[in-house]
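Close look at the chain arrangement
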Amino acid sequence: MSKLYKINGKTALGILVVACLLILTFYVRAAGNHYRPLLSFAPLQDTVPSQTKKDSSSRFLKTSGNSDTSRNGKDSMVIKVDTIQMAPDSIDAIVKYHAEDSGVLIVPTNEFFLYGKAKTDYKNLNIEAATIHYNHETGIISAYGATDSTGSIASKPQFTQDELKTISDSIAFNVKNGKALTKNTFLQEGEIYVNAKYIKKISADESFARDARFTTCNLDTPHFAFRTRRMKIINNKLGVTGRVYPEIESIPIPMIFLPFGLFPLNPARHSGVLLPSFTSSEDFGLGLEGLGYYKVFSDHVDATARANIYSYLGWTLNLNSKYIMRYKYTGNLNLTFQNTRILNRSAFTKEEFTSSKSYMIDWSHSRDNRARPGTNFSANVHFGSTRFNQLVQNNPFVNFNNQLSSSINYSKDWRGKYNLSMNLNHTQNSLNHQVNLNLPTLNFNVTTLYPFQSKDQVGSGKWYEKIGVGYSGNFLNQLSFYDTAFNFKRLLDTAQWGAQHNIPITLSLPQLGSLTLSPSISYEERWYGQKIHKDWNPVTKRVDTSTQKGFYTARQMSFGLGVNTRIFGTYKFSPKSSIIAIRHEVRPTFSISYHPDFAAKSYYTTQVDSFGRTVRLSQYEGGVVGAFSEGAFGGISFGIDNLLEMKVKDKNDTTLKGRTEGKKVKLIEGFGFNASYNLLADSFPLSNFSIYARSTLFEKVNITASANLDPYDVDKTGYRVNKIYFDPGHLKFGRITGGNIAMSTSFSSKPKDGKDDKTRELPADPFMTPEEQQRQLQFARSNPAEFTDFNIPWTLSLSYSLNFNRVLLPDFSKYVTQTFSGLSFNGDFSLTPKWKVGATGSYDVTNRSLQQLSTFITREMHCWQLSINVNPIGLYRSFNISFSPKSGILRDLKINRSRSFSSN
């Protein structure tokens with residue numbers, strides 16, 4: 001027998017000639033197909049299968065091609081073969097292949113072998129394996145893995161076709177009919193991982209599996225799986241099984257089985273039934289929640305219908321539809337109807353059930369700015385029954401929301417010179433049942449025009465060329481009613497309208513050193529649709545109110561000159577100190593203004609109590625536009641704003657730049673006051689002082705505060721007297737009549753993976769409206785156990801707010817102080833790496849009561865999750881236990897137990 005020829009530098013040319021002759025003889029019947037392989041040959045070792053070595057003298061050929069030959073420096077060659085016409089019975093597409101070790105062509109049997117990290121590409125088919133064998137007569141490509149010196153598996157062949165990728169012990173694929181047979185195959189179809197003893201592929205989209213195991217757990221030894229003898233897979237569509245039973249921790253449980261199984265594999269949206277969950281409530285009875293159907297109408301519109309059904313004959317129906325047209329608009333419509341029947345457990349109530357009907361309409365719409373440049377339309381509607389939020393179960397954030405508001409807006413811009421906006425607004429208070437509608441509100445604005453400016457201006461121009469004139473106009477309509485006593489005639493009686501026009505005239509002057517001057521003239525006119533007059537009734541001993549419809553006007557004009565500047569001061573520390581410097585910035589403002597008393601004729605004096613006390617009121621108070629202030633003003637306005645920041649050495653930066661420049665730390669971001677003094681007033685010339693402060697301490701604690709200081713004293717009933725309140729002995733000046741303070745902070749441990757929030761933050765869905773994002777956030781707050789981050793061992797967030805204000809009672813008898821103070825908290829911590837507990841709630845400091853509390857316990861189980869939510873305090877007390885897979889495809893395969901109780 002002849003020995004195998006090795007390709008090396010000395011014999012390359014001769015072997016190349018022989019190879020070319022044999023290849024041309026083999027393809028002498030070539031037709032219209034092209035074949036361009038690229039092979040990398042190395043000196044052949046004993047890599048040829050033993051069964052093929054018996055007659056190697058006449059059956060083996062090491063090379064092929066006749067065009068380009070190059071050496072790789074290791075006594076081997078890379079040979080590129082030119083286009084060769086193939087026989088009519090050959091394959092119908094180009095085959096690309098590569099092997100790091102060697103390639104063997106057996107001419108008599110039309111077989112071809114690739115050894116060592118072999119790769120083959122044919123149409124949409126890709127095979128990677130240690131050994132690839134192709135039989136031209138049968139059209140079958142076979143692929144095998146490899147073992148290392150210890151006998152362990154070093155690699156397995158991989159088969160890829162379109163989106164299907166498999167890893168098997170062996171692969172056989174017929175290139176003529178597209179069928180394949182694989183052994184001990186692992187593949188992923190959507191969220192499902194499949195392992196089968198045999199998989200037979202009959203077409204590009206259909207496969208059959210035998211002795212299959214499938215799961216959503218991505219571990220080599222999954223925590224759970226389902227076993228079946230037979231299984232059919234339709235790519236990206238459906239998986240159908242015969243008798244199927246579960247397997248937990250590799251332990252089969254055949255006594256629990258289903259006769260067949262259907263598993264959707266389509267990653268795209270598709271219509272289907274939404275399975276419910278069972279619940280139990282002392283108020284509503286036994287029930288099924290979430291039963292519904294999801295319908296896809298097109299790529300742009302879908303709809304979801306869900307229903308809650310309870311044994312006490314109560315029900316809830318929810319209809320939700322989303323629509324989107326890319327680069328045009330997107331929106332969401334949500335309709336909810338409640339027919340509530342709550343069991344009365346009180347001994348003083350004769351009725352067995354308390355019934356009520358309510359509804360809620362939510363609509364959000366936004367148009368892409370690219371659809372129609374210069375115009376925009378958006379809607380954000382929340383309208384419904386005032387009792388709706390109180391009757392929603394297991395959602396304390398909705399239960400305590402007493403305000404509803406809506407806005408529909410259309411705007412148009414004319415090249416930045418003019419703009420028009422039309423708004424439809426709605427506000428609703430569920431405590432007093434009052435509904436206010438603004439239908440519509442029109443706003444038209446003209447940007448500042450410079451009528452004296454030359455079209456061909458050269459240089460800075462004359463001073464009068466910088467005179468600017470603008471315009472802004474508002475037209476308002478308002479309707480008010482109580483939803484518990486709606487009457488169309490009363491609705492028309494409450495209708496109000498008004499308009500406001502403002503023409504500002506400004507002059508831009510050059511800066512005088514560090515001073516900036518801003519002169520201004522403003523003319524404002526207001527239109528009213530009614531007058532309101534209040535008179536003392538000596539019989540009933542109360543103030544009666546009368547309204548007179550008509551068209552009325554009022555106007556005001558003002559002149560002013562403003563001056564502002566900035567003052568800096570810096571104190572530097574010694575080089576040994578960790579503090580480099582402290583800088584203080586003072587921004588004083590000063591203005592002189594005057595406006596005549598055009599509103600005097602609209603004011604009158606009226607008695608407000610039986611003691612003869614009188615007050616000055618405007619005929620236009622209570623209107624949608626508001627009244628001008630009485631009296632002329634000619635005086636000064638002044639204010640001071642302060643900024644205090646510190647520069648410290650950066651401990652993490654050891655360079656010279658870090659030691660000298662450091663980093664900035666803001667101590668006070670803003671602190672100051674504003675006030676005015678009227679030189680023309682005969683009483684109360686000094687206005688109230690508006691004081692504010694804001695800061696962020698240690699980059700953790702956010703603080704904002706504001707207060708209103710009245711410099712005048714009051715009598716016993718709280719009415720102001722024309723006397724400055726100043727006590728130098730106790731350093732007291734004025735009275736604080738209102739204010740607020742808010743503080744918030746959050747703390748968390750370092751993440752286990754070392755990534756910061758910016759790295760971990762997920763991108764926002766561009767097709768999700770802000771209202772949908774808000775509802776998603778609200779759902780996460782209501783179900784915190786399902787949105788737990790085990791990467792952060794603990795977190796804590798705190799916020800505190802205090803508001804107080806002096807208000808006059810409706811009967812004008814006296815002033816009282818209203819105060820509200822509340823504390824909100826949210827936090828969680830890990831008991832173990834797999835267990836986490838947390839809570840969120842709010843505490844009413846004023847009434848010293850815990851208003852709402854939600855707690856949760858969750859267990860991380862890799863591919864499953866256990867969550868327990870408990871709401872012990874709130875309008876509804878409830879608990880929920882849920883045990884389910886994390887995969888969305890098996891979300892209905894869960895164990896759920898929930899109960900709720902009314903706190904009434």
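Anything mentioned here points back to the structure above.
Residues numbered from 1 in each chain as written. Predicted model: local features only at pLDDT ≥ 70, side-chain atom pairs only at ≥ 80, totals over all residues. Heavy atoms only, no water.

This part is about the overall build of the protein chain. When helices and strands are counted, the protein chain shows seven helices and 57 strands. A total of 904 residues make up the protein chain; the buried ones form 35% of that total. Look at the contacts in the protein chain between residues 6 or more apart in sequence, and 53% of them connect residues 24 or more apart. (Helix = DSSP H or I, 4+ residues; strand = E, 2+ residues; numbered from the N terminus. Buried < 20%, exposed > 50% of the residue type's maximum accessible area, 1.4 Å probe, protein only. Contact = heavy atoms within 4.5 Å.)

Here we take up the packing of aromatic side chains. For the structure on display, the rule yields 24 aromatic pairs. Consider the rings of Phe284 and Tyr310, whose centres lie 5.5 Å apart with planes at 40°: the pair is tilted. Of this pair, Phe284 sits in the loop between strand S24 (277-281) and strand S25 (285-296) while Tyr310 sits in strand S26 (residues 301-310), placing them 26 residues apart in sequence. Neither residue differs from the other here; Phe284 and Tyr310 are each classed as buried. By way of ring pairs, the aromatic residues Phe214, Phe224, Phe226, Trp864 and Phe883 are connected into one cluster. The ring centre of Phe628 lies 3.9 Å from the NZ or CZ of Arg526, which sits over that ring. (Phe/Tyr/Trp six-rings, centres within 6.5 Å; stacked < 30°, edge-to-face > 60°. Lys NZ or Arg CZ within 6 Å of the ring centre and 35° of its normal.)

All right, on to empty space enclosed by the protein then. Under the defined criterion, the tally for this structure stands at seven cavities of 30 Å³ or more. For the lining of the second largest cavity, the secondary structure elements donating two or more residues are strand S13 (164-167), strand S15 (180-189) and strand S16 (192-201). Among the elements that line the lining of the second largest cavity, the one with the most residues is S15, at four residues. Along the lines of polarity and charge, the residues of the lining of the second largest cavity split into six nonpolar, four polar and two charged. (1 Å grid on protein atoms, 1.4 Å probe; cavity = no way out; pocket = protein on both sides within 12 Å on 5 of 7 lines; lining within 4 Å. Points joined across faces, edges and corners; volume = space filled by probe spheres on them. Nonpolar A, V, L, I, M, F, W, Y, C, P; charged D, E, K, R; others polar.)

Our focus in this paragraph is the layout of surface pockets. Considering only enclosed or pocket space, the second largest pocket measures out at about 1200 Å³ in volume. Every residue lining the second largest pocket is counted, 37 residues in all, and those nearest its centre are Arg616, Glu630, Phe684, Arg720 and Tyr815. Those elements that provide at least two residues to the lining of the second largest pocket are strand S41 (614-618), strand S43 (663-678), strand S45 (701-710), strand S50 (735-748) and strand S51 (794-808). It is S41 that contributes the most residues to the lining of the second largest pocket, four residues altogether.

A cis amide bond links Leu439 to the next residue, Pro440, at an omega of -20°. Here Pro440 is to be found in strand S33 (residues 434-449). In the Ramachandran plot, Lys541 falls in the positive-phi region, its phi being about 55° despite a non-glycine side chain. Phi at Arg848 is positive, roughly 55°, even though this residue is not glycine.

Across the two faces of strand S22 (residues 261-264) the burial differs, with Gly261 and Phe263 buried and Leu262 and Pro264 not buried at all. When strand S19 (residues 238-241) meets S22, the two strands line up antiparallel, connected through four bridges. Each residue of the ladder has a partner; that of Gly239, found in S22, is Phe263. (Pairing = 2+ DSSP bridges.)

Right, let's get into the side chain of Lys201. If you trace the backbone, Lys201 turns up in strand S16. Summary of buried charges: Lys201 has no salt-bridge partner, and the nearest side chain of opposite charge, Asp205, is 6.4 Å away. Separated by 3.2 Å, the side chain of Lys201 and the backbone oxygen of Ser203 make a polar contact. Those residues in contact with Lys201 that lie beyond four places of it in its chain are Phe159, Gln161, Leu164, Gly178, Lys179, Ala180, Glu206, Ser207 and Asn235. (Lys, Arg positive; Asp, Glu negative; His and termini not counted. Salt bridge = Lys/Arg side-chain N within 4 Å of Asp/Glu carboxyl O. Polar contact = N/O pair within 3.5 Å; in protein donor to acceptor, adjacent residues only side chain to side chain.)

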